[in-house]
Amino acid sequence: MLIIGCDYHPGFQQIAFVDTDTGELGERRLGHREQAEKFYQECKQRNVAMRVGMEASGHARWFERLLRDLQFELWIGDAAEIRSKRVRKQKTDRQDAQLLLQLMLENRFPRIWVPDAANRDMRQLLWHRHRLVQMRTRVMNQLHVVALNEGLRRKKALWRAAGRKELESIALARWATRRRQDLLDILDQLTPKIQELTCALEQEVEKRPVTRRLMTHPGVGPLTALAYELVIGTPERFHCGKQIASYVGLVPEEKSSGDRRRLGHISKQGNVLLRFLLVEAAQVTVRSQPEWRSKFFHLAMRRGRKIAKVAMARKLAVHLYWMWRQGCDYGQRQKFGSQGRKSGSHAGAPTDSTR
């Protein structure tokens with residue numbers, strides 16, 4: 001087998017390899033995409049078994065597809081953990097590739113879970129819809145400004161038929177009229193696209209029992225539930241709710257030493273979209289659930305509303321995790337109470353009182 005440590009860059013990759021049969025060592029610099037494709041295809045033609053290790057990075061989808069099509073094994077490693085294993089003060093592409101190779105040979109490579117192609121493609125649906133909604137919101141805000149400058153204040157009623165007719169009837173100067181019309185045209189183009197993506201999202205949700213179960217939690221809609229399932233992948237990857245909160249970046253940074261404990265802002269590691277959706281969904285839960293509302297205002301009085309929102313989002317992420325792991329919906333979880341557990345759940349799973 002040929003074992004390769006690959007230091008991947010957008011324009012090239014530096015590789016260090018060893019042949020486990022002959023003990024041959026080597027290094028190469030492969031340009032993207034022609035040289036890299038030629039190298040790996042030649043290895044496939046020689047019927048060489050191969051395992052490639054690289055750090056988690058962006059702009060590498062084509063490379064992952066290439067190795068998958070050639071039936072080569074690809075290991076993706078935690079970049080931060082790999083960085084912590086570097087001993088030398090010097091850092092070069094060659095040394096990075098050699099470090100990756102060494103970690104693989106010594107069985108110390110910090111391999112991470114990687115979503116499959118279908119999961120990644122479904123995430124594109126969520127991101128595309130989210131970005132279009134953001135664009136539509138910015139357009140609507142600009143039109144609100146145009147209306148307010150002319151003394152027209154209709155809030156949400158501005159987007160009804162009567163409100164829009166009133167907005168279009170305002171007499172404006174030449175370029176202000178052009179701006180209003182262009183913004184309205186963009187709004188008319190974005191709305192049907194968002195509706196189409198929303199229908200596709202709802203159809204996908206109907207195929208996923210886990211997503212439908214997560215939607216039973218108050219405040220959690222199809223978008224948040226589907227994003228949670230896609231990003232988490234499988235609950236067995238995590239041992240407790242604290243790991244879930246850390247994975248989505250809702251725990252504070254910590255720089256403690258001795259008897260002094262220093263906590264900073266939240267780490268914001270993990271999926272940005274999921275963290276945003278959890279915060280939005282938690283605010284809906286606070287408005288609809290008295291217990292959550294009481295907890296939110298208690299935290300807001302002590303720490304401020306921003307910190308309270310993040311705390312509620314963290315609580316929601318943990319609740320969804322245990323609903324998924326225990327295979328129960330929100331009603332069943334409330335029935336069992338904080339001390340109860342669903343029969344047949346994991347023996348080592350802690351109860352709510354220990355989280």
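Residues numbered from 1 in each chain as written. Predicted model: local features only at pLDDT ≥ 70, side-chain atom pairs only at ≥ 80, totals over all residues. Heavy atoms only, no water.

*Asks:* Lay out the sheet that holds strand β2 (residues 12–19) with the relevant residues and their values.
*Replies:* In spatial order, the strands read β3-β2-β1-β4-β5; together these five strands make up an open sheet with mixed pairing. A single partner strand is all that each edge strand has here, and the edge strands are β3 (25–31) and β5 (73–77). Averaged over all pairs of adjacent strands, the angle between strand axes in this sheet comes to 20°, irrespective of strand direction. Relative to β5, strand β4 (residues 50–55) runs parallel, the two sharing five bridges. Looking at β5, one finds that glutamate 55 is bridged to glycine 77. Across the sheet, helix α4 (residues 93–105) lies against β1 (2–8), β2, β3, β4 and β5, angled at about 140° from β1, the strand it touches most. (Pairing = 2+ DSSP bridges. Helix = DSSP H or I, 4+ residues; strand = E, 2+ residues; numbered from the N terminus. Axes fitted to C-alpha atoms, helices over the stretch in contact; angles between N-to-C directions. Contact = heavy atoms within 4.5 Å.)

*Asks:* Account for α4, with residues named and values stated.
*Replies:* The end-to-end C-alpha distance of α4 is 19 Å, a good match for the 18 Å that 13 residues give at a rise of 1.5 Å each. Buried residues in α4 make contact with β1, β2, β4, β5 and α3 (79–84). Directly beyond the C-terminal end of α4, a positive phi value near 55° is found at asparagine 107. (Expected span 1.5 Å × (residues − 1).)

*Asks:* Report on the pairing of β5, specifying residues and quantitative values.
*Replies:* Counted residue by residue, β5 has four buried out of five residues, so it is predominantly covered. In this view, the connection linking β4 to its parallel neighbour β5 by way of helix α2 (residues 61–69) has right-handed handedness. (Buried < 20%, exposed > 50% of the residue type's maximum accessible area, 1.4 Å probe, protein only. Right-handed = clockwise from strand over helix to strand, strands pointing away.)

*Asks:* Describe the packing of aromatic side chains, with residues and values.
*Replies:* Tallied over the entire structure, the rule returns nine aromatic pairs. Between the aromatic rings of tryptophan 75 and phenylalanine 109, the centroid separation amounts to 6.0 Å while the plane-to-plane angle is 40°, which identifies the pairing as tilted. Residue tryptophan 75 is found in strand β5, and its partner phenylalanine 109 is found in the loop between α4 and α5 (117–149); the two are separated by 34 residues along the sequence. Assessed through its relative accessible area of 10%, phenylalanine 109 is described here as buried. By the ring-pair criterion, three or more aromatic residues cluster together here, those being Tyr8, Phe39, Tyr40, Trp62 and Phe63. One cation-aromatic arrangement involves arginine 29 over phenylalanine 12; the distance from NZ or CZ to the ring centre is 3.6 Å. It is lysine 315 that lies over the ring of tryptophan 292; its NZ or CZ is 4.6 Å from the centre. (Phe/Tyr/Trp six-rings, centres within 6.5 Å; stacked < 30°, edge-to-face > 60°. Lys NZ or Arg CZ within 6 Å of the ring centre and 35° of its normal.)

That is the geometry; function is a separate question.
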